[in-house]
Amino acid sequence: MMKKIFALCAALVFGAMALAGCGGSGGSSASSAGSGGKVLKVGSSIDFAPFEFQDETQKEYQGFDMDLIRAIGKEMGYEVEIQNIGFDGLIPALEAKNIDVMISGVTINDERKQKVLFSDPYYESGLAIVVREDNQDIHTFQDLKGKKVAVQIGTTSATEVHKIEGVEAKELNTPADCFMELKTGGVDAVVNDRPVNDYYITKSNTKGVKGLQDFLTAEDYGIAINKERQDLQKEINAAFKKLKDNGEYQKIYDKWFGGAKN
Ligand code: ARG
């Protein structure tokens, strides 16, 4: 008799766990059972390896940002749903509440702080120049005067390049479009985030182009959050801190940047 009751209890407990999804994320809150699965709607412009990109062999989006937001979501007890949205459409999507947050190598700056909240910074980056290998006359940002330069639309690269006198800026949809334009001779240079340039040149084994040493700006990446969601900003920062403290952030960092001398 006791055995039977025990077996019944065990079956019930297992059933409940299975229903709750039992993700095994450490079970930080008991209330998550039966909460109906909270979803974090994330937007990202999937064109920015190694931060966000699509690998033909896999159906999930890959990259440092993707791993980080999935780890943060898991820590917060959310299911993470990632939508691919062109970079210049991300802030509008956030303002329209089509997404809750965006993670997309987004540089934290004052102009954007008018429109969104930012998490604590999660990656130190900066802008750099890529030219064709045989280029002899561009070494620094000042040398871009009077040149044709490709940048991704809506980015800090676009803003910065416009500040340099006499630059003819071509704003294209993706960094890949910018590099293509460089290779085919449509522009003299590309300005884009340094770690993305490095990854493009080294990892994709690209021939015929080189990255220059000159660094235009130091920039911090942050997760952007809908302006009204201070609650979410707090939750994200707390989860991020936890991942830094428990070594999970470092693991993700090493996975993507481990071998790089950046
Ligand atoms: N860091 C730059 C910015 O915030 C470029 C980001 C581009 N991100 C992307 N996924 N294409 O403007």
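Residues numbered from 1 in each chain as written. Predicted model: local features only at pLDDT ≥ 70, side-chain atom pairs only at ≥ 80, totals over all residues. Heavy atoms only, no water.

K.L.:
A description of the site of the ligand should follow, citing residues and the corresponding values.
P.N.:
Neighbouring the ligand are 16 residues, the closest being Asp-47, Ser-104, Gly-105, Arg-112 and Asp-193. At 2.8 Å, a backbone N or O of Ser-104 approaches a nitrogen atom of the ligand. In this structure, an oxygen atom belonging to the ligand sits 2.7 Å away from a side-chain N or O atom of Arg-112. Taken by itself the ligand offers 350 Å² of open surface, and the protein chains cover 100% of this. (Near = heavy atom within 4 Å. Polar contact = N/O pair within 3.5 Å; in protein donor to acceptor, adjacent residues only side chain to side chain. Areas by Shrake-Rupley, 256 points an atom, 1.4 Å probe, with all protein chains shown as cover.)

K.L.:
How would you explain the sheet that holds strand S5 (residues 123–132) if you had to name every residue and give the values?
P.N.:
Spatial strand order, S7-S6-S8-S5-S9: five strands in an open sheet with mixed pairing. Of all the strands in the sheet, just strand S7 (168–172) and strand S9 (209–221) have a single pairing partner and so form its edges. Direction aside, the axes of adjacent strands within the sheet are offset by 25° on average. In terms of strand pairing, S5 meets S9 through eight bridges, oriented antiparallel. Residue pairing in the sheet places Val-130 in a bridge with Gly-211 of S9. Seen against the sheet, helix H6 (residues 175–183) touches S5, strand S6 (148–152), S7, strand S8 (189–193) and S9 and runs at an angle of roughly 155° to S8. (Pairing = 2+ DSSP bridges. Helix = DSSP H or I, 4+ residues; strand = E, 2+ residues; numbered from the N terminus. Axes fitted to C-alpha atoms, helices over the stretch in contact; angles between N-to-C directions. Contact = heavy atoms within 4.5 Å.)

K.L.:
Describe the sheet that holds strand S1 (residues 38–44), with residues and values.
P.N.:
The mixed open sheet is built from five strands, whose spatial order is S2-S1-S3-S10-S4. Looking along the sheet, the strands with just one partner apiece sit at the ends: strand S2 (78–84) and strand S4 (116–118). With two bridges connecting them, S1 and strand S3 (residues 101–102) associate as parallel partners. Directly across from Gly-43, in S3, lies its bridge partner Met-102.

K.L.:
Could you give an account of the packing of aromatic side chains, with specific residues and numbers?
P.N.:
In total, this model carries 20 aromatic pairs according to the counting rule given. Consider the rings of Phe-51 and Tyr-123, whose centres lie 5.0 Å apart with planes at 80°: the pair is edge-to-face. One end of the pair, Phe-51, is in the loop between S1 and helix H2 (64–76); the other, Tyr-123, is in strand S5, and 72 residues separate them in sequence. Of the residues examined, Phe-51 reaches a relative accessible area of 0% and is grouped as buried. For the pair Phe-51 and Phe-257, a centre-to-centre distance of 5.5 Å together with 45° between the ring planes defines the contact as tilted. (Phe/Tyr/Trp six-rings, centres within 6.5 Å; stacked < 30°, edge-to-face > 60°. Buried < 20%, exposed > 50% of the residue type's maximum accessible area, 1.4 Å probe, protein only.)

K.L.:
Which residues make up the side chain of Glu-181, and what values do they have?
P.N.:
Along the chain, the position of Glu-181 falls in helix H6. Polar side-chain contacts of Glu-181 include one of 2.6 Å to the side chain of Lys-170. Discounting residues that sit within four places of it in the chain, Glu-181 has contacts with Lys-170, Leu-172, Gly-186 and Val-187.

K.L.:
Please give an account of the side chain of Glu-219 that cites residues and values.
P.N.:
With respect to the helices, strands and loops of the structure, Glu-219 is situated in strand S9. Although Glu-219 is buried, it makes no salt bridge; Arg-112 carries the closest opposite charge, 6.5 Å away. At 2.6 Å, the side chain of Glu-219 forms a polar contact with the side chain of Thr-107. Polar contacts involving the side chain of Glu-219 include one to the side chain of Thr-156, which spans 3.2 Å. Once you skip the residues sitting within four places of it in the chain, Glu-219 turns out to touch Thr-107, Tyr-123, Glu-124, Ser-125, Gly-126, Leu-127, Thr-156 and Asp-193. (Lys, Arg positive; Asp, Glu negative; His and termini not counted. Salt bridge = Lys/Arg side-chain N within 4 Å of Asp/Glu carboxyl O.)

K.L.:
I'd like a rundown of the nonpolar core, residues and numbers included.
P.N.:
Where a protein is soluble and globular, its nonpolar side chains tend to be buried together. Phe-64, Ile-72, Val-101, Tyr-122 and Ile-223 are the most contacted members of the largest nonpolar core, which has 36 residues in total. Only S1, H2, S2, helix H7 (194–203), helix H8 (230–245) and helix H9 (248–257) provide two or more residues apiece to this core. If you tally residues by element for this core, the top one is H2, at seven residues. Non-local contacts of Ile-72, meaning those with residues more than four positions away in its chain, are made with Ile-223, Ile-236, Ala-239, Phe-240 and Leu-243. (Core = buried A, V, L, I, M, F, W, Y, C linked by side-chain atoms within 4.5 Å.)

K.L.:
Please set out the pairing of S1 residue by residue, giving values where relevant.
P.N.:
Sheet topology places S1 next to S2; seven bridges connect them, and they run parallel. What sits directly across from Val-39, in S2, is Glu-79. Taking the sense of rotation as the criterion, the β-α-β connection linking S1, H2 and S2 turns out right-handed. (Right-handed = clockwise from strand over helix to strand, strands pointing away.)

K.L.:
With reference to specific residues and values, describe the pattern of salt bridges.
P.N.:
Summed over the entire model, instances satisfying the criterion amount to 11 salt bridges. Of the charged contacts in the structure, one is a salt bridge between Glu-228 and Lys-97, with a shortest N-O distance of 2.9 Å. Of the two residues, Glu-228 sits in the loop between strand S10 (224–226) and H8 while Lys-97 sits in the loop between helix H3 (87–95) and S3, which places them 131 residues apart along the sequence. Classification of Glu-228 as exposed rests on a relative accessible area of 56%. We classify Lys-97 as partly exposed; its relative accessible area is 47%.

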